[in-house]
Structures are given as structure tokens and as C-alpha cells.
Amino acid sequence: MTVPEKTSILMVCFTFPPRFGGAVVQALRLGAQLQTRDYPIAFLTDSGSGPDSQASYESFEVYRRSSWSDSSRNWRKMLWALRIVGFALRYPAFRVFHFHSVQGPELFCMPALKALGRKSVVKLTLAESDDPLTLKNRKLMGPLYGVCLHFVDKFVAISPRLQQMALQASIPQAKVSLVANGVDTGKYYFANSDEVARLRRKLDIPLAAKVIVSVGAIEHRKGYDTLLSAFLLVKRQLSEAVLLIAGPEDDQNNPYFVSLVKFIQDNQISDVRFLGKRDDVHDLMKAADLFAFCSRQEGFGTVIVEAMCCGLGVAVTDIEGITRWIIGERDLARNCESRDPAVFAHECVELLGRRNENLAKLAASSAANVFGIESVADTYEEIYAAI
């Protein structure tokens, strides 16, 4: 019996390493998992003012296409859209074009892709940015975007809020799937006591400390002002608490970072460590007891589910249509609807007291079953097959 060939998938990402972003990280993670299932996967990306090229990155062939500019203007994005259509004409083997977010002009590709017999999947990643309702309501191009949206074969929303915004834009319900971002459970998993001890020695953290970790760029949107105000109250109850903050932009040229440092100094808060951008976030999480997240806006919040897969207690401030769906009714997770630091601090202390090895193992296993990249890839396989 002949085994049918798997559909060739082209992951379309405007940015690509060395320019990193959450969307491309997720695309690479999904692509790698699909490759283990024998799907031919390649990437198409914009090279700005650079030349056209074809090269390997990790296990993928990457096609870079010039838009002859590094401008952020729409005309460059229009050129990028034309390059996508040109690529489709030149490389007929790629049957599914999977867009990991669109900025708007890429939608003009959709009628051409449909005419060429290609299938299109558009991933929605950030409300009020790349969702169909926002695109459709743009002042100049909105009406044209609205027409082109209906040529897309499938929309993938990473949160209920994005799903709802697609439906509000008159996208048929059958065309919109709710699929979470996937976690690499080979990196994010429950660590045994020996591994925790090793990681804490490496970080110079006492084994008996109550370790809270938060991850994200040092910017107002991430809510570190709320987190530090809450940590001040946590320290009054748990003197052994340590707060690790991992993320870029922790420098004196960032006024927001300067204001955070001043708050720490003025209130004499000890045991707060800004670690900068890290490549070992998975190890930081496995060394911790609690993940605390006070972000004001996210498309999904992948770091939340990564922490859950490590079996951490998870305390997050509510982001409408996102965090409550992620958190659900899990024993070691709390969605805090108040942004009052005292309320958030209470949730953190309660979770730190509640967490034990058995609950942590169960939490990690439950999260991996839902958010592990293997489970997410299963859903994408169904989507590709259905279109």
C-alpha cells in the first residue's frame, strides 16, 4: 500500500531570525514538530533591502525575498505581498501558505492564491492589530481588506477574544478555529528536586527560597510596576522570597526601567534581580516556585502556559478574553481580575503556600496535554486536511 505524500507547507513570516518575534518562534516550533510527521516545511520571509536568497536555518529551507527597502511604510508591505504571489507562481509545490500574522497588505495575496489553487491559513496573534475586525475597519484600505478576508481558507485565533473579533468581522464560524500557542515540552517540564537544586546553585539562589519569576521586555505594557508593588507586600509575609525578572531593555536608557529601580530603592526591597534577555528561560522557570504575570495586553501569553507546563504556581492579572481561558479551573493557577497589588500579592502568597510536588506534577501534566506542541500540531494537521 502506498502512503500518500504529506502536503507541502510554506510558513510565511514577515520577520525571521536574526529578527525574532513571538510569531516566528511559534512558527519554528510548529514547523519542527510537523517535520517529525514527514510534512515538507519551508519558510518565506522578507529580507528588506537585502537580496533574494535561499539558505538553511535549523532544519528548514528559508526563502528570503527582497522588498528593496527597510521602510515601515505600507508601500513596502505591498511589495512584500507581490513577492508572495510571485513566489507562489514560481514554486507550485507549496500547496498551503500558512501566514503567521498579517499586517494588512498581505491580504491582497489571498484572491491570487485562491486562483492558483493554493490554500491559505492566517494566524491571528494580537487583538486590535492583526484581527479581521481591526483590519476591516482601517480607514483607507479597510473596505478592500474586508473583501480579501473572504478569500482566506482558514483563520486560526490564539485566544477567544481574537476568535470573537473574527466573527464580528462577519467571518463564517466554520472558517475560524481556536488554537493555543504550543509549548516545547522537551524544555518546559516539571523538574525533580535534584534538577531544581542544580539550577538554584547555578543561579546562586538558596534552596529554601520562595522563587517568583516573571518574563517579558521591561516596558509599561508588561505591568512590572504592579508586580513590584505586589512583591513588596509578599516580602512582608515571606522574607525568603526572591523575584527574578528576565527580559530585554533593562538599561538606564529605558525610563520605565529607571522608574522601577527607583521604586525598589525608595522602598528598600531586597532580592529583586533583573536578569536581562535570557536564552535559558526554561531553566529559570524550573528553578522557580511561582510565575507572576501582570501584563496589561497580550495576544496570548505563551510564557503563562510555559510556566504551567513546568508545574509552577501561576498568578496572572486578567486580560480580557485571554487569561481566564488559559487558566481555567486549575489548582495551581489564579486569574486575578483586580489590578490592586494587595489582591495580587495575596494570590501569590496563597499559591506559594499551596504548591507541593504532587500538585505541581499534576499541573504540569495537565498543561502539557493541552498546550504541548504535540497536541497543537495534531490540531493543525486536522486543519490542513480539512481545507
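What counts as what
- Residues numbered from 1 in each chain as written.
- Predicted model: local features only at pLDDT ≥ 70, side-chain atom pairs only at ≥ 80, totals over all residues.
- Heavy atoms only, no water.
- Helix = DSSP H or I, 4+ residues; strand = E, 2+ residues; numbered from the N terminus.
- Rg over C-alpha atoms; globule rule 2.2 N^0.38 Å.
- Buried < 20%, exposed > 50% of the residue type's maximum accessible area, 1.4 Å probe, protein only.
- Contact = heavy atoms within 4.5 Å.
- Areas by Shrake-Rupley, 256 points an atom, 1.4 Å probe, with all protein chains shown as cover.
- Lys, Arg positive; Asp, Glu negative; His and termini not counted.
- Charge placed at Lys NZ, Arg CZ, Asp CG, Glu CD.
- Core = buried A, V, L, I, M, F, W, Y, C linked by side-chain atoms within 4.5 Å.
- Pairing = 2+ DSSP bridges.
- Axes fitted to C-alpha atoms, helices over the stretch in contact; angles between N-to-C directions.
- Phe/Tyr/Trp six-rings, centres within 6.5 Å; stacked < 30°, edge-to-face > 60°.
- Arc of directions from axis to C-beta.

Undergrad: Would you mind going over the overall build of the chain with me for this structure?
TA: Helices and strands together make up the secondary structure of the chain, namely 15 helices and 14 strands. Expected size for 387 residues packed as a compact globule is a radius of gyration near 21 Å; at 22 Å, the chain falls within 12% of this value. Every one of the 387 residues in the chain was classed for burial, and the buried ones make up 54%. Restricting the contact set of the chain to residue pairs at least 6 apart, pairs at least 24 apart contribute 66%. As displayed, the chain offers around 17000 Å² of accessible surface, 52% of which is attributable to carbon and sulfur atoms. Charge centroids of the chain, computed over 45 positive and 43 negative side chains, lie 4 Å from each other.

Undergrad: Got a minute to help me understand the environment of Phe108 in this structure?
TA: Tracing the sequence through the fold places Phe108 in the loop between strand E5 (96–100) and helix H3 (109–115). For the pair Phe108 and Leu332, spaced 224 residues apart in sequence, the C-alpha separation works out to 45 Å. Among residues more than four places away in sequence, those in contact with Phe108 are Met78, Met141, Leu144, Tyr145 and Cys148.

Undergrad: Is there a simple way to think about the nonpolar core in this case?
TA: Most often, soluble globular proteins keep nonpolar side chains buried together rather than apart. The biggest cluster of nonpolar side chains holds 77 residues, and the ones touching the most others in it are Phe97, Met285 and Phe291. If near-sequence neighbours (up to four positions away) are discounted, Met285 is found in contact with Tyr188, Val213, Val215, Phe291, Val303, Glu306, Ala307, Cys310 and Leu312.

Undergrad: What am I meant to see in the sheet that holds strand E12 (residues 290–293) here?
TA: Spatially, the 6 strands line up as an open sheet ordered E11-E10-E9-E12-E13-E14, and their pairing is parallel. Both edges of this open sheet fall to strand E11 (272–276) and strand E14 (333–336), since each of them pairs with a single strand only. When strand polarity is set aside, the average angle formed by the axes of neighbouring strands in this sheet is 20°. Of the pairings in the sheet, the one linking strand E9 (residues 210–215) to strand E10 (residues 241–246) comprises 6 bridges and is parallel in character. By the bridge assignment for E10, Ile212 is matched with Leu243. Together, E9, E10, E11 and E12 form the strand contacts of helix H8 (residues 224–237), whose direction differs from that of E10 by roughly 165°. Of the strands in this sheet, E9, E12 and strand E13 (313–317) are in contact with helix H11 (residues 302–309), which crosses E12 at around 165°.

Undergrad: Teacher, can you tell me more about the packing of aromatic side chains here?
TA: The geometry of an aromatic ring pair is captured by two quantities: the separation of the ring centres and the angle between the planes. Within the structure shown, the criterion is met by 15 aromatic pairs. Arranged with centres 6.4 Å apart and planes meeting at 55°, the rings of Tyr39 and Tyr384 form a pair that is tilted. Here Tyr39 is found in the loop between helix H1 (22–35) and strand E2 (41–46), whereas its partner Tyr384 is found in helix H15 (residues 373–386), with 345 residues between them in sequence. Among the residues examined, Tyr384 registers a relative accessible area of 6% and is labelled buried. Here Tyr63 and Phe94 contribute two aromatic rings whose centre-to-centre distance is 6.2 Å and whose plane-to-plane angle is 80°, an arrangement assigned as edge-to-face. On the criterion of sequence distance, the pair formed by Tyr63 in strand E4 (residues 60–65) and Phe94 in the loop between helix H2 (74–90) and E5 is long-range, its members being 31 residues apart. The class of Tyr63 is buried, set by a relative accessible area of 8%.

Undergrad: Help me understand helix H6 (residues 160–168) in this model?
TA: Note on helix geometry: an α-helix contains 3.6 residues per turn, so any two residues three or four positions apart are oriented the same way. Leu162, Met165 and Ala166 are the residues of H6 that are buried. Each buried residue of H6 lies within a common arc of 100° when the element is viewed along its axis, so the set occupies one face.

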